[in-house]
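# Structural features, examined
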Amino acid sequence: MTSASSSSARSLFAESKQRLAERVQVNMNNISSLARQIQRGSKSNELSKAARDMAAVEHVMENSEENLKKMQLIGIHIGYQFENIQKSAEMIVEINDQVASIRRPN
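Residues numbered from 1 in each chain as written. Predicted model: local features only at pLDDT ≥ 70, side-chain atom pairs only at ≥ 80, totals over all residues. Heavy atoms only, no water.

To continue, consider the overall build of the protein. The secondary structure content of the protein amounts to two helices and zero strands. On the principal axes, the C-alpha backbone points of the protein span a range of 95 × 20 × 15 Å. Carbon and sulfur atoms make up 57% of the accessible area of the protein, which totals about 9100 Å². Computed over 14 positive and 12 negative side-chain charges, the separation of the two mean positions in the protein equals 4 Å. (Helix = DSSP H or I, 4+ residues; strand = E, 2+ residues; numbered from the N terminus. Areas by Shrake-Rupley, 256 points an atom, 1.4 Å probe, with all protein chains shown as cover. Lys, Arg positive; Asp, Glu negative; His and termini not counted. Charge placed at Lys NZ, Arg CZ, Asp CG, Glu CD.)

Split by domain assignment, the protein resolves into domain 1 (1-42) and domain 2 (46-105). Each of domain 1 and domain 2 has a C-alpha centre, and the two are 19 Å apart. Taken together, the contact between domain 1 and domain 2 spans 15 residues of the former and 13 residues of the latter. Counting the surface lost from both domain 1 and domain 2, the interface buries some 1100 Å², and carbon and sulfur atoms represent 76% of this. Applying the counting rule to domain 1 against domain 2 returns one salt bridge. Counting every contact that joins domain 1 to domain 2 gives one residue pair in polar contact (both at pLDDT 80 or more). In the side of domain 1 that touches domain 2, the residues fall into six nonpolar, seven polar and two charged. (Domains from an automatic or database assignment. Contact = heavy atoms within 4.5 Å. Buried area = accessible area lost by both parts, 1.4 Å probe. Salt bridge = Lys/Arg side-chain N within 4 Å of Asp/Glu carboxyl O. Polar contact = N/O pair within 3.5 Å; in protein donor to acceptor, adjacent residues only side chain to side chain. Nonpolar A, V, L, I, M, F, W, Y, C, P; charged D, E, K, R; others polar.)

Applying the stated criterion across every chain, the model contains four salt bridges. Taking the shortest distance from any N to any O, the salt bridge between Glu-65 and Lys-69 comes out at 3.9 Å. Highlighted residues: Glu-65 and Lys-69, both in helix α2 (residues 45-103), separated by four residues, approximately one helical turn. Its relative accessible area of 45% is what places Glu-65 among the partly exposed residues. When the shortest N-O distance is used, the salt bridge between Lys-69 and Glu-66 registers 3.9 Å. (Buried < 20%, exposed > 50% of the residue type's maximum accessible area, 1.4 Å probe, protein only.)

The UniProt record marks residues 47-74 with the feature "coiled-coil region" (unreviewed entry), using the residue numbering of this structure. The span residues 47-74 carries 100% helix and 0% strand; its end-to-end C-alpha distance comes to 39 Å. (UniProt positions renumbered as here; feature names shortened; annotations may be inferred.)

Here it is as structure tokens:
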């Protein structure tokens, strides 16, 4: 049962990671489209404002990418910790059985 929850947690993490990657891809496509429009020489106020806004949030996107990388590492480490906790729990059961057999009078 614990391995099912582990695989379900990993699956959920993978889905979240995939959705975030898709959003980043959409944003990158939008940036490319904006850059093409700027190169064509459009002088509209809306486009200029969009370019300024995009430049203003560039650092936010970079921070988001770094945070995603950190989250991936955290997810991996949580997986390792979960496996170690699971092994320790199994060992506790075995130790309890051994202690019980020692306490039993022969």
